[in-house]
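As a plain string of letters, each chain reads:
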Amino acid sequence: MYKIISSLWIYLFMLLIFLSSGIHVGAYLAVNWGRMSTQKFVPSMVVDLLLQNRISGLRIFQPSFNVLDALADTNIGVIITIQARFLQAMKEKKQLDDFIYDRVKQYIDKGVKFRYLYVGNEPFLKSLYKRDRFNNIVHFLNMTRDSLDGFNLRDLKVTTPHFTDVLIKVNKPSEGDFREDIKDEMIEFLDYINKTGGPFVINVFPIYTIYRYGFDADFAFFDNKSKFKIIDGNNTYNNVFTFIYDTLVCALTKVGYGDMEIIIGQIGWPTDGYIGANVENAERFYRGLLKYIARKEGTPLRPNRDISMYLQSLTDENKNELEYGPYQRHWGIYKLDGQPKYKIDFTMQDRDIKPSVAKAIYIHILYVYIYILNRYSAVAKQMVCV
């Protein structure tokens, strides 16, 4: 009992420290949490991990009620996604209104701090665009905006994340532009989020991009040890992230939105299932990424700027679809048993440490074990009595 009380006081102390800082007005470090796995993290423990590591934001792909309950009154900025399949199957707007009420309005009243609401995900993804196309994204954005306004939630902005393949393949960022087959729809989308105040969200996976572009493998890392670099006029690019970011800036500029806010919706490194996907490279990538964020140096086209980023991802997902490859199940910073895979310092102080273990996984397993023993004991007593 003493240990439980002590843990509670520690949790409350960490919560007080976190709440005193408030939600970051500027850029922030956040994490994605997918739950497509046979063994799920306990939501309250995830909140504890975020608070201890001063991670101020969380995106959840499946906004379950128990997860949202755990996020109430934590000051963690939350993003949830309205999945494309839900929107496509929707028969009437009331279904969307009910979703907004059940998973947004009610939880705002309970103290959940929502940052954005994502409507669909990567609708222009090249591999799916023709055979499984998510049509008319602006229509669904507008419907969602209307539902939010109906509940007087006008400050909650909507947008849709995109993958880097919305950009044409270029040799230098100044050539950046959007693909011709989606340009009209993209401009319509940009016009909408510009008018309604949403950011442009892009998912960046350096391990994939270097092979798509044929770059040197070391160009994926912020501590690039190779001689490979890209010179574009007066600007020099030593890593693929700043290359892609400024390519997007140029693409946005060419269609009239050069000052639009950009958020990195997913960025990370898998530990299996792809060329170069291993624990050592993941640790190296994140170390460089977090040092880069801490320096607040921005990019050649947007220097001295904070960039908000969502790390991909908190845990492995062994039930994720394998359509794009087995690496889809290995993005996790944590294993499914709650153990961190490698050293990573979320506080961006470049400490050579592993983050804390997700102990609630073990507590949950222990409770199950005790429950089974108690059930077995009860059955055994009944058999003796008979």
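Definitions and cut-offs
Residues numbered from 1 in each chain as written. Predicted model: local features only at pLDDT ≥ 70, side-chain atom pairs only at ≥ 80, totals over all residues. Heavy atoms only, no water. Helix = DSSP H or I, 4+ residues; strand = E, 2+ residues; numbered from the N terminus. Buried < 20%, exposed > 50% of the residue type's maximum accessible area, 1.4 Å probe, protein only. Contact = heavy atoms within 4.5 Å. Areas by Shrake-Rupley, 256 points an atom, 1.4 Å probe, with all protein chains shown as cover. Phe/Tyr/Trp six-rings, centres within 6.5 Å; stacked < 30°, edge-to-face > 60°. Lys NZ or Arg CZ within 6 Å of the ring centre and 35° of its normal. Polar contact = N/O pair within 3.5 Å; in protein donor to acceptor, adjacent residues only side chain to side chain. Core = buried A, V, L, I, M, F, W, Y, C linked by side-chain atoms within 4.5 Å. Pairing = 2+ DSSP bridges. Axes fitted to C-alpha atoms, helices over the stretch in contact; angles between N-to-C directions. Parallel < 35°, antiparallel > 145°, perpendicular 65-115°, else oblique. Nonpolar A, V, L, I, M, F, W, Y, C, P; charged D, E, K, R; others polar. Left-handed = near helix turned anticlockwise from the far one by under 90°.

J.: Give me the overall build of the protein chain: which residues, what numbers.
T.: When helices and strands are counted, the protein chain shows eleven helices and eleven strands. Taken across its 386 residues, the protein chain has 51% of its residues classed as buried. Pairs at least 24 apart in sequence give 69% of the contacts found in the protein chain among residues at least 6 apart. If you sum the accessible surface of the protein chain, you get close to 18600 Å²; carbon and sulfur atoms cover 54% of it.

J.: Residues and numbers for the packing of aromatic side chains, please.
T.: The description of two aromatic rings rests on the distance between their centres and on the angle between their planes. Considering all chains together, one arrives at 29 aromatic pairs under this definition. Between Phe285 and Tyr286 the ring centres are 5.8 Å apart and the planes differ by 65°, which places this aromatic pair in the edge-to-face class. For the pair shown, Phe285 and Tyr286 are each scored as buried. Here a set of aromatic residues connected by ring pairs shows up, and it is made of Phe221, Phe222, Phe241, Tyr245, Trp269, Phe285, Tyr286, Tyr292 and Tyr342. Over the ring of Tyr28 we find Arg115; its NZ or CZ atom is 3.6 Å from the centre of that ring. Between the NZ or CZ atom of Arg284 and the centre of the ring of Phe221, over which it lies, the distance is 4.0 Å.

J.: Could you give an account of the side chain of Asn203, naming the residues involved and the relevant values?
T.: Counting through the fold element by element, Asn203 comes out in strand β7 (residues 200-204). Using a relative accessible area of 0% as the deciding quantity, one classes Asn203 as buried. In terms of polar contacts, Asn203 uses its side chain to reach the side chain of Glu122, at 2.8 Å. Among the polar contacts made by the side chain of Asn203, one reaches the main-chain amide nitrogen of Gln266 at a distance of 3.2 Å. In contact with Asn203, not counting residues within four places along its chain, are Asn121, Glu122, Pro161, His162, Phe163, Thr164, Gly265 and Gln266.

J.: Tell me about the nonpolar core, and name the residues and values.
T.: One finds Phe178, Leu190, Phe200, Phe241 and Ile264 to be the most contacted residues of the largest nonpolar core, which totals 104 residues. Those residues in contact with Ile264 that sit more than four places away from it in its chain are Ile202, Val204, Phe241, Tyr245, Ile307, Ser308, Met309 and Tyr310. Residues Tyr28, Ile79, Val201 and Ile263 belong to the second largest nonpolar core, which totals eight residues.

J.: Account for the pairing of strand β4 (residues 113-119), with residues named and values stated.
T.: In terms of burial, β4 is largely enclosed, as six of its seven residues are buried. As paired elements, β4 and strand β5 (residues 157-159) share three bridges and run parallel to each other. Residue pairing for β5: Leu117 is matched across the bridge by Val158.

J.: Quick rundown of the packing of helix α8 (residues 206-213) against helix α9 (residues 240-254)? Include the residues and the values.
T.: Two numbers describe how α8 lies on α9: the axes approach to 10 Å, and their chain directions differ by 75°. Compared by their axis directions, α8 and α9 come out roughly perpendicular. Between α8, through Pro206, Thr209, Ile210 and Tyr213, and α9, the contact on the second element is made entirely by Val240, Phe243 and Ile244. When grouped by side-chain class, the residues that make up the contact of α8 with α9 number six nonpolar, one polar and no charged.

J.: Lay out unusual backbone geometry with the relevant residues and their values.
T.: Residue Ser313 is bonded to the preceding Gln312 through a cis peptide linkage, with omega at 0°. Relative to the helices and strands, Ser313 resides in the loop between β11 (309-311) and α11 (360-385). One non-glycine residue, Asn75, adopts positive backbone phi at about 70°. Of note, Asn304 is a non-glycine position whose phi angle comes to about 55°, a positive value.

J.: Outline the packing of helix α5 (residues 93-109) against helix α6 (residues 137-150), listing residues and values.
T.: It is the contact of α5 with α6, at a shortest axis distance of 10 Å, that shows an interaxial angle of 55°. On the basis of the axis angle, α5 is oblique to α6. Where α5 crosses over α6, the two elements pack in a sense that is right-handed. Residues Lys93, Leu96, Asp97, Ile100 and Val104 of α5 form the contact with α6, whose own contacting residues are Met143, Thr144, Asp146, Ser147 and Leu148. Looking at side-chain class alone, the contact of α5 with α6 contains five nonpolar, two polar and three charged residues.

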